[in-house]
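Residues per chain are reported as follows:
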Amino acid sequence: MKKLYLLSLGCTKNLVDTEVMLGRLQEMELTERVEEADVIIVNTCGFIEAAKRESIQQILELHQQRKEESLLVVAGCLSERYKEELQRELPEVDLFTGVGDYARIDELIAKRESRFSPEVYLIHQEERRITGSTYHAYIKLSEGCNQRCSFCAIPSFKGRLRSRPLSLVVQEVQRLVDQGFRDFTFISQDSSSYLRDHGEREGLIKLIEAVEAIDGVESGRILYLYPATTSFDLIDRIAASPIFANYFDIPLQHICDSMLQRMRRGLDASRTLELLERMEAIPDRFIRTAFIIGHPGEGWREFQELVEFIKSFPFDRITLFGYSPEEGTSAFAMEDQVPPSTIEERLQELQPIVDQKHRASLEALVGRELIAYLDGVSQESELLLSGRDWRWAPQIDGEILINESALNHLVPGERYKVFIDEVVGEQLLGHITARP
Ligand code: SF4
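Notes on the structure in this doc start here. (Residues numbered from 1 in each chain as written. Predicted model: local features only at pLDDT ≥ 70, side-chain atom pairs only at ≥ 80, totals over all residues. Heavy atoms only, no water.)

1. Examining the pairing of strand S15 (residues 385-389)
Side-chain direction in a regular strand flips from residue to residue, so the side chains alternate between the two faces of the sheet.
Move 1: Counted residue by residue, S15 has four buried out of five residues, so it is predominantly covered.
Move 2: Sheet topology note: the strand S14 (residues 369-377)/S15 ladder contains five bridges and is antiparallel. Residue pairing in the sheet places Ala372 in a bridge with Asp389 of S15.
Move 3: In this sheet, strand S16 (residues 400-405) lies alongside S15 in antiparallel orientation, the contact comprising three bridges. In the sheet register, Leu385 faces S16, and the bridge partner there is Ile402. (Buried < 20%, exposed > 50% of the residue type's maximum accessible area, 1.4 Å probe, protein only. Helix = DSSP H or I, 4+ residues; strand = E, 2+ residues; numbered from the N terminus. Pairing = 2+ DSSP bridges.)

2. Points about helix H11 (residues 269-280)
One turn of an α-helix holds 3.6 residues; hence residues three or four places apart share an orientation.
Move 1: Over its twelve residues, H11 runs 16 Å from end to end, which matches the ideal 16 Å to within 8%, given 1.5 Å per residue.
Move 2: Where H11 is concerned, the buried positions are Ala269, Thr272, Leu275, Leu276 and Met279. Buried residues of H11, viewed axially, fall in a sector of 125 degrees; they line one side.
Move 3: Packing partners of the buried residues in H11 comprise helix H9 (232-240), strand S11 (247-249), helix H10 (257-262), strand S12 (286-293) and helix H12 (300-312). (Expected span 1.5 Å × (residues − 1). Arc of directions from axis to C-beta. Contact = heavy atoms within 4.5 Å.)

3. Let's talk about the sheet that holds strand S4 (residues 71-76)
Move 1: An order of S2-S1-S3-S4-S5 is seen for the five strands of this open sheet, with the pairing classed as parallel. The open sheet terminates on both sides in strands that have one partner only, identified here as strand S2 (29-30) and strand S5 (95-96).
Move 2: Here two bridges tie S4 to S5, and the two strands are oriented parallel to one another. From the neighbouring strand, Val73 faces S5, where its bridge partner is Leu95.
Move 3: Sheet strands touched by helix H2 (residues 49-65): strand S1 (3-8), strand S3 (39-44) and S4. Its angle to S3, the strand with the most contacts, is close to 170 degrees. (Axes fitted to C-alpha atoms, helices over the stretch in contact; angles between N-to-C directions.)

4. Points about the packing of aromatic side chains
Move 1: According to the stated counting rule, one finds nine aromatic pairs in the structure shown.
Move 2: With centroids separated by 6.5 Å and ring planes inclined at 50 degrees, the aromatic side chains of Phe286 and Trp392 adopt a geometry described as tilted. On the criterion of sequence distance, the pair formed by Phe286 in strand S12 and Trp392 in the loop between S15 and S16 is long-range, its members being 106 residues apart. Trp392 matches Phe286 in its accessibility class, with the two residues each being buried.
Move 3: Residues Phe291 and Phe315 carry aromatic rings whose centres are separated by 5.9 Å and whose planes lie at 75 degrees to one another, so their mutual orientation is edge-to-face. With Phe291 in strand S12 and Phe315 in the loop between H12 and strand S13 (317-322), the pair connects residues that are 24 residues apart, well separated along the chain. Of the two residues, Phe291 and Phe315, both sit in the buried class.
Move 4: Linked through ring pairs, Phe291, Phe309, Phe313 and Phe315 together constitute an aromatic cluster.
Move 5: Above the face of the Tyr224 ring, Lys13 is positioned so that its terminal group lies 3.6 Å from the ring centre. (Phe/Tyr/Trp six-rings, centres within 6.5 Å; stacked < 30°, edge-to-face > 60°. Lys NZ or Arg CZ within 6 Å of the ring centre and 35° of its normal.)

5. Observations concerning unusual backbone geometry
Move 1: Backbone geometry places Arg264, a non-glycine residue, at a positive phi of 55 degrees.
Move 2: If you trace the backbone, Arg264 turns up in the loop between H10 and H11.
Move 3: A positive phi angle, close to 55 degrees, is found at His409, a residue other than glycine.
Move 4: Along the chain, His409 turns up in the loop between S16 and strand S17 (415-424).
Move 5: On the basis of relative accessibility, which here comes to 73%, the residue His409 falls in the exposed class.

In short, the description is geometric, and any link to function would need to be established separately.
In structure tokens, the structure reads:
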């Protein structure tokens, strides 16, 4: 049996496409040893400079480690965005494809043929091989984006918004439930615009109603709400759902009116605050966001306004991005670029404030009994088990270290009541008390 080594870089949307490729290559045996692989696939990320650099570096490292007769395949966003340059400058690679041929990867490998199909691939009914969990799966809602944020190149290589028909999303969730999956994270570039290209203003509300009706779905959350298309009705519907966590992932990018306008975010600070206040009032809510630091036009005053805002609002998780000049974006041509050294200084000023927010969010859970998924033995120590607050998204929101249990025969993938004893570094420490 041929051996396959697969590296999925970038975001969870890329991971879903990687899982589609895995589904097409079921006859191959997955290996974690590059040197023994017959086929090596790198699903690249081409979003910002740092991600592009990482993709190139990984490709070259894998080439160094691989056996001579193996096939090195490069797919994904970086390959799509720089197809000509990469084919010219990376002779190490045997086969290139972009974001249009994931469901044909087996054919391309068999023919040893590079291909860049013009239409961006959007998962239809393909069988995926889910990675990383036996009970949780990501569900892609759409591809592409109709927004035109000044700093973002994604629409240039992922195209306009194309939503999956709700019936296909429901069928996929049902299929996965039949395979034992019961916790789902719904993703796209702009989730709150789901089905707007099908004439539906509140597509996510339709999604929530449909998923709640599927027997066997235990829990869910939605990532990537776009502020300007997020309504009070949606926020209230998420809060009312017995299945969907009060989880609000809403990348704000900035708070200053002039910056939101420059970034073409389609809303102002007062509307942003209205949305946040609505979310903040919901019991057991979890609010995650992201900010871009050093976008052209961000002077000292605009930056300080952002610093004060971040200090003042109880976010649970915040990701900071230093502005990355991306050719083809409107911000790339803007005059008042911020020097990289200034961007770095601002990131260093903000990071301790962000760390403090995370800490406060964790400390608020000490002394409480949470419902958590058990993920098995922790990577921290074989003496500890690893859990995840059911509200949290996998991998990005944290870990609960479990050092004791009132129960025997614990089953990974099941939910348990966990009493939180303390915060240890960036993790929680607790003990299992009972079943939910
Ligand atoms: S919403 Fe904005 S940042 Fe997100 S993918 Fe679309 S254009 Fe890019």
